[in-house]
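# Observations on the three-dimensional arrangement
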Amino acid sequence: MQSISHMLQLLPTHFATLFGMQNNTQQSSTQHLPMLQVLLCGGMVVTLAMGIRHGFGLWLLPITQDMGWTRESFSLAIAIQNLSWGVFGIFVGMIADRIGAFKVLICGSVLYALGLIGMALSPSTLMFALTTGVVIGAAQAGTTYAVIYGVLGRQIPAARRSWAMGVTAAAGSFGQFFMVPVEGTLIAQFGWSNALLILAAMALIICVLAFGLREPGFTGGAAPKREQTIGHALKEAWTNPSFVLLLAGYFVCGFQVMFIGVHMPSYLKDFGMAPHVASIGLALVGLFNIFGTYLAGNLGQKYPMHKRYVLSSIYGLRSVVTVLFLLMPLTEWSVYIFTAAMGFLWLSTVPLTNATIAQIFGVQHLSMLGGFVFFSHQIGSFMGVWLGGYLYDMNGNYDMVWYLSIALGIFAALVNLPVREAALVRQPTATA
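Residues numbered from 1 in each chain as written. Predicted model: local features only at pLDDT ≥ 70, side-chain atom pairs only at ≥ 80, totals over all residues. Heavy atoms only, no water.

### Comments concerning the overall build of the protein
Along its length, the protein carries 18 helices and zero strands. A burial count over the protein gives 57% of its 432 residues as buried. Roughly 17200 Å² of accessible area belongs to the protein as shown, and the carbon and sulfur atoms make up 70% of that amount. (Helix = DSSP H or I, 4+ residues; strand = E, 2+ residues; numbered from the N terminus. Buried < 20%, exposed > 50% of the residue type's maximum accessible area, 1.4 Å probe, protein only. Areas by Shrake-Rupley, 256 points an atom, 1.4 Å probe, with all protein chains shown as cover.)

### Let's talk about the pattern of salt bridges
For side chains of opposite charge, pairing can occur when their charged atoms come near one another. Summed over the entire model, instances satisfying the criterion amount to five salt bridges. Arg71 is paired through a salt bridge with Asp270; the nearest N and O atoms lie 3.2 Å apart. In this pair, Arg71 sits in helix H4 (residues 71-99) while Asp270 sits in helix H12 (residues 241-270), placing the two residues 199 residues apart along the sequence. Assessed through its relative accessible area of 15%, Arg71 is described here as buried. Note that Glu421 and Lys307 form a salt bridge whose closest N and O atoms lie 3.7 Å from each other. With Glu421 in the segment after helix H18 (399-415) and Lys307 in helix H14 (residues 307-327), this pair connects stretches of sequence that are 114 residues apart. (Salt bridge = Lys/Arg side-chain N within 4 Å of Asp/Glu carboxyl O.)

### A look at the environment of Val167
Its place among the elements puts Val167 in helix H8 (residues 161-190). Here the alpha-carbon distance between Val167 and Ile290, two residues 123 residues apart in the chain, equals 8.4 Å. Among residues more than four places away in sequence, those in contact with Val167 are Leu39 and Tyr294. (Contact = heavy atoms within 4.5 Å.)

### Points about the side chain of Arg53
Among the structural elements, Arg53 can be located in helix H2 (residues 35-54). Although Arg53 lies buried, it forms no salt bridge, and the closest oppositely charged side chain, Glu183, sits 9.9 Å away as judged by the N-O distance. Arg53 has contacts with Gln81, Asn82, Trp85, Tyr112, Gln140 and Met258, leaving out every residue within four places of it along the chain. (Lys, Arg positive; Asp, Glu negative; His and termini not counted.)

### Focus on helix H7 (residues 145-155)
Burial within H7 is extensive, with eleven of its eleven residues counted as buried. Taken together, the buried positions of H7 are occupied by Tyr145, Ala146, Val147, Ile148, Tyr149, Gly150, Val151, Leu152, Gly153, Arg154 and Gln155.

### Quick look at helix H11 (residues 230-238)
Counting along an α-helix, one turn takes 3.6 residues, and residues three or four places apart therefore face a common direction. Burial in H11 covers these residues: Ala233, Leu234, Glu236 and Ala237. With its buried residues spanning 165 degrees around the axis, H11 presents them on a single face. Looking at the buried side of H11, the elements it contacts are H4, H12, helix H16 (349-361) and helix H17 (366-395). (Arc of directions from axis to C-beta.)

### Describing the nonpolar core
Trp59, Leu116, Met119, Met264 and Trp402 are the most contacted members of the largest nonpolar core, which has 129 residues in total. The residues contacting Trp402, other than those within four sequence positions of it, are Phe259, Ile260, Met264, Tyr267, Thr322, Phe325, Leu326 and Phe338. (Core = buried A, V, L, I, M, F, W, Y, C linked by side-chain atoms within 4.5 Å.)

### A short note on the packing of aromatic side chains
What the rule picks out here adds up to 25 aromatic pairs. On the basis of an interplanar angle of 80 degrees and a centroid distance of 5.0 Å, the ring pair of Phe259 and Trp402 is categorised as edge-to-face. With Phe259 in helix H12 and Trp402 in helix H18, this pair connects stretches of sequence that are 143 residues apart. Across the pair, Trp402 and Phe259 agree in class, each one buried. An aromatic cluster of three or more residues is present, and its members are Phe259, Tyr267, Phe271, Phe325, Phe338, Tyr392, Tyr398 and Trp402. The ring of Trp163 has Arg160 sitting right over it, with the charged end atom 4.4 Å from the ring centre. One residue, Arg214, lies across the ring of Phe102, its end atom 4.5 Å from the ring centre. (Phe/Tyr/Trp six-rings, centres within 6.5 Å; stacked < 30°, edge-to-face > 60°. Lys NZ or Arg CZ within 6 Å of the ring centre and 35° of its normal.)

### Here's the deal with the confidence of the model for the protein
Summary statistics for the protein give a mean pLDDT of 84 and a share of 89% for residues scoring 70 or more. Mean pLDDT across the elements of the protein bottoms out in helix H1 (residues 2-19) (42) and peaks in helix H9 (residues 192-203) (96). Confidence drops under pLDDT 50 across residues 1-5; counting only partners more than four residues distant or on other chains, this segment forms three contacts. Here residues 7-30 is a poorly scored stretch, pLDDT under 50, and it has 25 contacts once near neighbours within four places are set aside; other chains count. (pLDDT = per-residue confidence, 0-100.)

Below you can see the structure in the form of structure tokens.
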């Protein structure tokens, strides 16, 4: 493992030499990891972790038809997964802030593999909910944005932080673009159960990538010196109106993306469309989100005190795009246009929201605060996934959920406007 870690540390230097790049932000090899190494390894972790989960909607029909379960049963398990991700994300964020990302990523990778194995072999809806829901949700908490963004916040200067978060979010988008067709092919070639076992093996690659994110300040077993206690950081955040408004907006983000990501394939199948339309549509979401998240990160860097306006525009445009999709005749091309447009707006909120939190509160407890905000996102995800299945089984269609998604988008556009992005000025007595 030491040789693997050494190779990962040397890899960015080789890339920099090949492309004539010089890392001007690296202060000292004993103080900071090379920026390119952090972006490369962090981006690949998010690519795998997010790429695998984005394709779960492809399993809805094969699993429910083969096992004789209802759509609500599958939806409930995925909803629990999102809620579990959010709950565990808070505590995983605290741990990552305390001991660094390395050990958290190792544990998350192993849990991801175990959860996917359980998803493949579960004989009942209860076991399916425990493995697909609780275990994979906990694994995602330890392998995605809150943990990786904590590393970015500590290792990359503020002048490039929003850009770096946009790059990492774009990597997650590439994971969706790349992994969704791969997962569709695996299901077609090997069956849904064996496809999940193959994904379990792929999830273990995160263990190797974790060595490239082993931060020097945490390798001695002690966390860096802190100016705030966890208790004060939480009190400071929860009494700040901007933090609460960001939570409310992120709730809507979770509702919208998980409803579409999980239920879109079934929605199209109900209208007689071939399975490849949904696969291509979800892949287009990932492809266009690469550009959307990268652009959002750059806009946040260029206009550091106006990120709230970009966030508000993203949520408002989601509602506009959804209205146009429902008004147009449903064809393959209308699906592709809708998914491409929605993809451009898909995870664009992630770098902007996390960069705003870092800008207001600093980076000492960024993983923890990001975990709380993401918990709100996952409550929204739970509601979007579960209500999609529940209202479908009750009404026989998804119309009510589409209308709710539009209304929530308008709400999120409005609540982000009053956010104040200036850094907090703390009194000396507030330090630990």
